[in-house]
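Residue strings, one per chain:
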Amino acid sequence: MLILCFSDCEVISVKEMLKKLTAVLLLGFMLSVALATALSNKKTRSDEENRELESFPKFTLSSVTDGSFFSGLESYASDHLFKRSKWLSVKSHISRETGENLVNGVFIGEDSLLDAEMSDREINGKAVEIINAFADSYKGTVYVAVIPTSSGVYGDKLPAYLLENPESRQISGLYGRISDDVRKIDAYNILKMLNDNYIYFRNDTKWTSYGAYCVYRTVIQKLGFLPTPYDKYTIMHITDKFRGNLYNRTLYTDTKSDLIDIYDYPNGEKVVSCVSSDKYGNKQKKELYDMKMAENGYMYDMYLGEPVPVIEIETTVNNEKKLLVIKDSYADCFIPFLTQHYNKITVVSPEFTDGKLSDYADLDDYEQTLILFGIENVNSEKLFRDELLS
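Residues numbered from 1 in each chain as written. Predicted model: local features only at pLDDT ≥ 70, side-chain atom pairs only at ≥ 80, totals over all residues. Heavy atoms only, no water.

J.: How do you make sense of the overall build of the protein when you look at a structure like this?
T.: Summing up its helical and strand segments, the protein has 11 helices and 15 strands in all. Counting every position in the protein, which comprises 390 residues, the buried fraction comes to 47%. Total accessible area on the protein is roughly 20,900 Å²; 53% of this is exposed by carbon and sulfur atoms. (Helix = DSSP H or I, 4+ residues; strand = E, 2+ residues; numbered from the N terminus. Buried < 20%, exposed > 50% of the residue type's maximum accessible area, 1.4 Å probe, protein only. Areas by Shrake-Rupley, 256 points an atom, 1.4 Å probe, with all protein chains shown as cover.)

J.: Sorry if this is basic, but what is going on with the side chain of T149 here?
T.: Residue position: T149 is located in the loop between β6 (141–147) and α6 (150–153). Residue T149 is classed as buried on the basis of its relative accessible area, which comes to 0%. A distance of 2.8 Å separates the side chain of T149 from the side chain of E167, its partner in a polar contact. Among residues more than four places away in sequence, those in contact with T149 are R121, E167, Y200, T205, Y330, I375 and E376. (Polar contact = N/O pair within 3.5 Å; in protein donor to acceptor, adjacent residues only side chain to side chain. Contact = heavy atoms within 4.5 Å.)

J.: How should the pairing of strand β14 (residues 344–348) be read in this particular structure?
T.: Consecutive residues of a regular strand have side chains that alternate between opposite faces of the sheet. Buried residues dominate β14, accounting for 5 of its 5 residues. Alternating residues of β14 divide into K344, T346 and V348 and I345 and V347, and every residue in both groups is buried. Looking at chain direction, strand β12 (residues 310–315) and β14 are connected through 5 bridges and run antiparallel. Within β14, the residue paired with I313 across the bridge is I345. Taken together, the 5 bridges between strand β13 (residues 322–327) and β14 define a ladder with parallel strand orientation. Paired with L323 across the two strands is I345, which belongs to β14. (Pairing = 2+ DSSP bridges.)

J.: Any chance you could explain the environment of N197 here in plain terms?
T.: Here N197 is to be found in the loop between α8 (187–193) and α9 (209–222). Residue N197 is classed as partly exposed on the basis of its relative accessible area of 35%. Considering only alpha carbons, one finds N197 and G211, 14 residues apart in sequence, at a separation of 8.4 Å. Leaving out residues up to four positions away in the same chain, N197 has contacts with Y154 and Y210.

J.: Teacher, can you tell me more about the sheet that holds β13 here?
T.: Strand pairs in the sheet, formed through backbone hydrogen bonds, run parallel or antiparallel to each other. A sheet is described by the order of its strands in space; here 8 strands give the open sequence β7-β6-β15-β13-β14-β12-β10-β11, paired in mixed fashion. At either margin of the open sheet sits one strand with a lone partner, and together these are β7 (183–185) and β11 (283–285). Between one strand and the next, the sheet's axes are offset by a mean angle of 20°, whatever the strand orientation. Where helix α5 (residues 126–137) meets the sheet, it contacts β6, β13 and β15 (368–374), and its direction lies at approximately 175° from that of β15. (Axes fitted to C-alpha atoms, helices over the stretch in contact; angles between N-to-C directions.)

J.: Just checking my understanding: could you explain the packing of aromatic side chains for this structure?
T.: How two aromatic rings sit relative to each other is set out by the distance from centre to centre and by the angle between their planes. Applying the stated criterion across every chain, the model contains 25 aromatic pairs. The interplanar angle of 90° and the centroid separation of 6.2 Å between the aromatic rings of Y154 and Y200 together place this pair among those described as edge-to-face. Of this pair, Y154 sits in the loop between α6 and α7 (167–177) while Y200 is found in the loop between α8 and α9, placing the two residues 46 residues apart along the sequence. You can call Y154 buried: its relative accessible area is 12%. Relative to Y303, the ring of Y300 has its centre 5.3 Å away and its plane inclined at 65°; by these criteria the two rings are edge-to-face. The exposure class assigned to Y300 is buried, which follows from its relative accessible area of 0%. Linked through ring pairs, Y210, Y213, Y216, Y230, Y233, Y263, Y265 and F337 together constitute an aromatic cluster. One cation-aromatic arrangement involves R243 over Y247; the distance from NZ or CZ to the ring centre is 5.5 Å. (Phe/Tyr/Trp six-rings, centres within 6.5 Å; stacked < 30°, edge-to-face > 60°. Lys NZ or Arg CZ within 6 Å of the ring centre and 35° of its normal.)

J.: Help me understand α5, please; the structure alone is not making it clear to me.
T.: The α-helix advances 3.6 residues per turn, and as a result positions three or four apart in sequence lie on the same side. The end-to-end C-alpha distance of α5 is 17 Å, a good match for the 16 Å that 12 residues give at a rise of 1.5 Å each. Turning to α5, its buried residues are A127, V128, I130, I131, F134 and A135. The secondary structure elements touched by the buried residues of α5 are β6, α7, β13 and β15. (Expected span 1.5 Å × (residues − 1).)

J.: In this structure, what is going on with the pattern of salt bridges? I would like to understand it.
T.: One side chain can pair with another of opposite charge once the charged atoms of both are near each other. What the rule picks out here adds up to 14 salt bridges. A salt bridge links E312 to K344; the nearest nitrogen and oxygen atoms lie 3.7 Å apart. You can see E312 sitting in strand β12 and its partner K344 sitting in strand β14, a full 32 residues away along the chain. A relative accessible area of 21% places E312 in the partly exposed class. (Salt bridge = Lys/Arg side-chain N within 4 Å of Asp/Glu carboxyl O.)

Rendered as structure tokens:
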């Protein structure tokens with residue numbers, strides 16, 4: 001029998017050698033990644049994260065002294081890290097496997113991704129100020145529907161410490177500050193009661209077409225019409241590969257991808273004209289559904305197509321009724337349901353406009369205005385800005 005004996009000095013020597021070897025390998029790996037990052041082609045946009053990437057910061061004396069150059073350089077390096085998307089995806093999967101379910105402010109659940117930062121939202125009051133001022137000057141009737149995110153409806157899936165300021169409380173507080181002259185529509189409780197259904201995407205904060213339809217049934221009755229029965233629609237599945245804004249933040253692929261649906265009413269009223277206008281007043285034909293968007297980029301943009309300031313929709317409805325809709329992207333899959341009830345619908349997206357609301361629509365032409373937006377955009381400076389009513 002051969003017995004090997006090592007002195008304490010020899011054991012320490014081996015440990016030191018392993019430490020040095022590990023350090024060398026780690027340093028080599030880091031240098032390799034840095035070199036690959038420096039030599040790789042720099043993109044301006046990440047389709048997987050659905051956002052523009054940071055550009056190289058401008059070097060000036062002031063940017064160096066105030067530190068903005070170095071913070072910009074750090075953001076640039078992070079955005080252009082070699083195989084960044086792969087690293088982010090690996091990080092998300094490792095976090096999930098090790099029980100750390102929070103990645104970039106997203107909670108990775110058993111069957112869905114949820115925004116974990118909703119409780120941090122403090123409503124600044126600008127939305128209330130703009131809505132009340134609009135209602136005060138408007139001759140018609142104003143309706144408002146504030147839509148919760150998936151985290152608001154499925155908050156019971158989140159840890160308790162992430163629910164200190166739930167969206168139900170946020171929306172209730174918002175409605176409490178909006179003028180009594182504005183008719184508020186309780187979308188939250190409608191969706192909460194139906195949360196066993198596929199009313200929200202698994203990979204995005206927004207509602208599905210079915211979720212929008214469920215709220216439409218109440219909204220349209222408030223507006224004075226009977227809703228189109230569900231069984232009148234033919235539902236077309238456009239894609240089952242949608243991965244939305246929560247996926248963009250995590251690149252977590254184990255959550256099942258989502259369906260994008262179109263609700264078509266074969267025997268219903270038809271859209272005869274759909275025209276968009278840019279902020280300079282240039283007009284062009286548009287479709288309610290842009291199938292190209294379902295193939296590239298953010299698939300949800302298939303609804304109403306690429307965002308524009310104004311869309312004017314005319315239908316075969318023979319009642320001469322007009323509706324003005326002021327909205328964010330939550331309304332995009334909701335708008336088509338309204339086409340069965342109005343002869344003309346004008347849709348304004350303040351985020352993409354310049355100047356006053358009256359520059360884009362003659363407010364006196366509309367007896368009803370629907371303001372519909374997601375609670376996650378309540379503090380948007382583009383959606384609610386003073387210039388809208390100036």
